[in-house]
Amino acid sequence: MIGQRFAHMLIGHPYFEVVAYCASDRSEGKTMAQAWKLSDIELDDDLGSKVIQGTNANALKKHGVEVVFSGLPSDVAGPVEDELAELGMAVFSNAASHRMEPDTPILVPEVNAEHLASIEVQRKRRKNNGFIVTNANCSVTGLALGLKPLVDRFGFTEVDVATYQALSGAGYPGVPSLDILGNVHPFIKNEEEKMNAEGRKILGSWSGGRFVDSPVVIEASCARVSVRDGHLEAVFIRDRKMPEKEEIIKALTHFSAKPQKMKLPSAPDHPIIVRTESDRPQPILDANAGTPERARGMAVTIGRIRVGGGVLRMFLLSHNTIRGGAGGSVLNAELAYKEGII
Ligand SMILES: NC(=O)c1ccc[n+]([C@@H]2O[C@H](COP(=O)([O-])OP(=O)(O)OC[C@H]3O[C@@H](n4cnc5c(N)ncnc54)[C@H](OP(=O)(O)O)[C@@H]3O)[C@@H](O)[C@H]2O)c1
């Protein structure tokens, strides 16, 4: 799911030229057309004819590969990504394996671009130029982005969230059909713990050569629903000094950060879109929000904002395999490239 989004997002990319598409030995020798599963993307002949290789760090190094976009499962990614970084490559990973390391950022460029400074420490540890940058669990990225202007402006620290997560978040083939068709599955292993731990790291700071967690606490209840793409989240924020709804909407709609100022190719013009209709956001209508075309699926949509009794309630939606996955990694690499780190 993530690898194919990468392949699509990197077509004609202004900074990066793709030299190899890799997967497991099971896929070696297949064309991209034979492996393709993304129903919303029409595969062009050029990409469709590319032949998939196994994942071999030494072979990639010999090819002259400088940057690796990884959508490896977490149980595989740990040693493979380390090997790639040890060979001097810049690795942009979607896997959980390295996220909580003390010199490895979970980067969301609109939220914590300054966390890239940790790469210098990581490079010292690895004793070469290679490094790993991770992006967050797909349920966390959109939430962190939506919380950023609110936490900065109003100092909120108490966040409860209930998620309605899409099937593509479980990879391919994902959840067995009989478990999910006409059903809601109220458990996603380790997801609730990750939302809090990763959210606090992302919203925290890089200070004195280490990550300092944000005081924000995220209490999550996660469910898998029968939706193809797009994680919807019901967010509840408690604060005794709750601002007016208009101030909240203003903070969200005016939010803009470094990727927008730097005009990074995959940065959405408006990272947070506020919908005022009574029935939005919806995965089927809003998951692909974001302009320009290269930033399709990179904006977070927030709606149904309600304030009362010291509670802010809202729905938040983000595309799990684009903003919460491959697109997030591509944006991370664009930032690293423009900052001169790669
Ligand atoms: N899906 C999301 O929304 C999402 C969002 C954020 C982060 N993530 C994370 O991103 C990673 C990928 O998720 P996904 O949803 O794309 O999973 P997926 O659809 O199951 O894809 C996994 C990919 O890894 C390859 N692979 C498996 N074992 C391998 C091995 N030993 N060596 C080399 N390649 C191997 C598979 O190759 P074959 O095709 O040959 O089997 C496949 O291409 C996971 O760590 C996941 O937690 C996913």
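Above this text is the structure in question.
Now for a description of the structure that goes with this document.

Side note on the sheet that holds strand E5 (residues 131-134)
Read from one edge to the other, the open sheet built from three strands follows the order E3-E4-E5, with strand pairing classed as parallel. With partners counted over all chains shown, the strands left at the sheet margins are strand E3 (67-70) and E5, one partner each. Pairwise comparison of adjacent strand axes, ignoring direction, gives a mean angle of 20 degrees for this sheet. With four bridges joining them, E3 and strand E4 (residues 90-93) adopt parallel strand pairing. Residue Phe-69 lies in a different strand from E4, and its bridge partner there is Phe-92. Where helix H14 (residues 322-338) meets the sheet, its contacts fall on E3, E4 and E5, and the angle it forms with E4 comes to roughly 150 degrees.

Considerations on the layout of surface pockets
The space that makes up the second largest pocket amounts to roughly 290 Å³. Along the wall of the second largest pocket there are 16 residues; nearest its centre are Met-1, Leu-167, Ser-168, Tyr-172 and Arg-228. Class assignment of the residues belonging to the lining of the second largest pocket gives a composition of seven nonpolar, four polar and five charged.

Looking at the sheet that holds strand E6 (residues 158-165)
Read across the open sheet, the six strands follow the order E9-E6-E10-E13-E12-E11; overall the sheet is mixed. Either end of the sheet is taken by a strand with one partner, and the two such strands are strand E9 (217-224) and strand E11 (272-274). Averaged over neighbouring strand pairs, the angle between their axes works out to 25 degrees when direction is ignored. In terms of strand pairing, E11 meets strand E12 (residues 300-308) through three bridges, oriented parallel. Bridge pairing links Ile-273 to Thr-301 in E12. Sheet strands in contact with helix H11 (residues 245-253) are E11, E12 and strand E13 (311-318), and its direction is about 165 degrees off that of E12.

Notes on the nonpolar core
Formed by 39 residues in total, the largest nonpolar core has its most connected members in Leu-150, Ile-237 and Leu-312. When residues in this core are grouped by element, the largest group, eight residues, is from helix H8 (residues 138-154). Not counting residues up to four positions away in its chain, the partners in contact with Leu-150 are Gly-155, Phe-156, Ile-237, Ile-248, Ala-251, Leu-252, Leu-312 and Met-314. Counting residues in each nonpolar core, the second largest holds 27 residues, with Phe-16, Phe-92, Leu-116 and Ile-322 among its members.

A word on the site of the ligand
Around the ligand sit 22 residues in total, of which Ile-2, Ser-24, Ser-27, Leu-72 and Ser-168 are the nearest. Tyr-172 is positioned such that a nitrogen or oxygen atom in its backbone is 2.9 Å from an oxygen atom of the ligand. Asn-320 places a polar side-chain atom, nitrogen or oxygen, 3.1 Å from an oxygen atom of the ligand. When isolated, the ligand has an accessible area of 910 Å², and the protein chains bury 75% of it. The class makeup of the residues in the shell around the ligand is nine nonpolar, twelve polar and one charged.

With respect to the environment of Glu-198
Position of Glu-198 relative to the elements: it lies in helix H10 (residues 191-203). For Glu-198, a relative accessible area of 3% translates into the label buried. Taking the C-alpha atoms as reference, Glu-198 lies 7.5 Å from Met-100; in sequence the two are 98 residues apart. At 2.8 Å, the side chain of Glu-198 and the backbone nitrogen of Asn-137 are in polar contact.

What counts and how
Residues numbered from 1 in each chain as written. Predicted model: local features only at pLDDT ≥ 70, side-chain atom pairs only at ≥ 80, totals over all residues. Heavy atoms only, no water. Pairing = 2+ DSSP bridges. Helix = DSSP H or I, 4+ residues; strand = E, 2+ residues; numbered from the N terminus. Axes fitted to C-alpha atoms, helices over the stretch in contact; angles between N-to-C directions. Contact = heavy atoms within 4.5 Å. 1 Å grid on protein atoms, 1.4 Å probe; cavity = no way out; pocket = protein on both sides within 12 Å on 5 of 7 lines; lining within 4 Å. Points joined across faces, edges and corners; volume = space filled by probe spheres on them. Nonpolar A, V, L, I, M, F, W, Y, C, P; charged D, E, K, R; others polar. Core = buried A, V, L, I, M, F, W, Y, C linked by side-chain atoms within 4.5 Å. Buried < 20%, exposed > 50% of the residue type's maximum accessible area, 1.4 Å probe, protein only. Near = heavy atom within 4 Å. Polar contact = N/O pair within 3.5 Å; in protein donor to acceptor, adjacent residues only side chain to side chain. Areas by Shrake-Rupley, 256 points an atom, 1.4 Å probe, with all protein chains shown as cover.

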